[in-house]
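Chains, contacts and geometry: an overview
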Amino acid sequence: MAMHNPYAQYANSKILTASPAELTLMLYEGAIKFGNIAIMAIEQNDVEKAHVNIVKVQRIIEEFQATLDHKYEVAQHFDNIYNYLNRRLVEANMSKDKEIMEEVVMHLRSVRDNWKEVMRKAR
């Protein structure tokens with residue numbers, strides 16, 4: 001008999017019932033979390049863990065880019081931000097540069113905070 005993880009069930013339920021705006025916020029939170037894990041891994045000279053988590057951040061950003069609706073002018077602005085962040089992530093991954101990762105996480109926090117404000121105003 002398989003044991004069910006209550007936390008995993010809760011997390012899965014939270015995702016399945018979230019609005020698109022909430023899902024976007026969750027992705028920003030995830031990207032920040034993985035970025036912070038990568039920073040800690042770089043500090044600990046854990047190259048593999050740093051790589052895995054930087055790639056997770058890249059995948060989230062790629063998902064953001066893939067879902068941009070270019071009929072809105074602001075989409076180009078976000079596309080430029082995401083292109084810049086992806087370039088910096090490649091640089092950080094190649095050199096395992098903590099400062100670059102800190103910069104990326106700072107930008108992700110800023111965009112996340114703006115997203116939260118948009119969600120708040122939309123209520």
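Scroll up to find the structure this text is about.
The following refers to the structure shown. (Residues numbered from 1 in each chain as written. Predicted model: local features only at pLDDT ≥ 70, side-chain atom pairs only at ≥ 80, totals over all residues. Heavy atoms only, no water.)

**Examining the overall build of the protein chain**
Across its full length, the protein chain holds five helices and zero strands. Sequence-ordered secondary structure for the protein chain, helices as α and strands as β, is α-α-α-α-α. The buried share of the protein chain, reckoned over its 123 residues, is 34%. In the protein chain, once contacts between residues fewer than 6 apart in sequence are set aside, the share between residues at least 24 apart is 61%. Summed over all atoms, the accessible surface of the protein chain reaches about 8300 Å², with 56% contributed by carbon and sulfur. (Helix = DSSP H or I, 4+ residues; strand = E, 2+ residues; numbered from the N terminus. Buried < 20%, exposed > 50% of the residue type's maximum accessible area, 1.4 Å probe, protein only. Contact = heavy atoms within 4.5 Å. Areas by Shrake-Rupley, 256 points an atom, 1.4 Å probe, with all protein chains shown as cover.)

**Thoughts on the side chain of Asp79**
Structurally, Asp79 can be placed in helix α4 (residues 74-95). Apart from residues lying up to four places away in sequence, Asp79 is in contact with Gln65, Leu68 and His70.

**With respect to the packing of α4 against helix α5 (residues 98-122)**
Each pair of packed helices can be summarised by the angle the axes make with each other and by the distance between the axes. Their axes nearest at 9 Å, the elements α4 and α5 cross at an angle of 155°. It follows from the interaxial angle that α4 and α5 lie roughly antiparallel. Crossing hand, α4 versus α5: left-handed. Contact with α4, carried on its side by Phe78, Ile81, Tyr84, Leu85, Arg88, Leu89, Glu91, Ala92 and Ser95, involves Ile100, Met101, Glu103, Val104, His107, Leu108 and Val111 of α5 and no other residues of that element. Residues belonging to the contact of α4 with α5 are distributed by class as follows: eleven nonpolar, two polar and three charged. (Axes fitted to C-alpha atoms, helices over the stretch in contact; angles between N-to-C directions. Parallel < 35°, antiparallel > 145°, perpendicular 65-115°, else oblique. Left-handed = near helix turned anticlockwise from the far one by under 90°. Nonpolar A, V, L, I, M, F, W, Y, C, P; charged D, E, K, R; others polar.)

**Re α5**
When the terminal C-alpha atoms of α5 are compared, their 36 Å separation across 25 residues agrees well with the 36 Å that a helix rising 1.5 Å per residue should span. Those residues of α5 that sit buried are Ile100, Met101, Glu103, Val104, Val105, Leu108, Val111, Arg112 and Met119. In this structure, the buried side of α5 is in contact with α2 (20-43), α3 (47-66) and α4. The opening residue of α5, the one whose side-chain oxygen lies 2.9 Å from the backbone nitrogen of Glu99, is Asp97. (Expected span 1.5 Å × (residues − 1). Polar contact = N/O pair within 3.5 Å; in protein donor to acceptor, adjacent residues only side chain to side chain.)

**Notes on the layout of surface pockets**
Quantified by volume, the largest pocket comes out at close to 390 Å³. If you go around the largest pocket, you meet 17 residues; those closest to its centre are Thr24, Phe64, Thr67, Leu68 and Trp115. Among the elements of the structure, α2, α3 and α4 are those that each provide at least two residues to the lining of the largest pocket. Here the lining of the largest pocket is built from residues that sort into 13 nonpolar, two polar and two charged. (1 Å grid on protein atoms, 1.4 Å probe; cavity = no way out; pocket = protein on both sides within 12 Å on 5 of 7 lines; lining within 4 Å. Points joined across faces, edges and corners; volume = space filled by probe spheres on them.)

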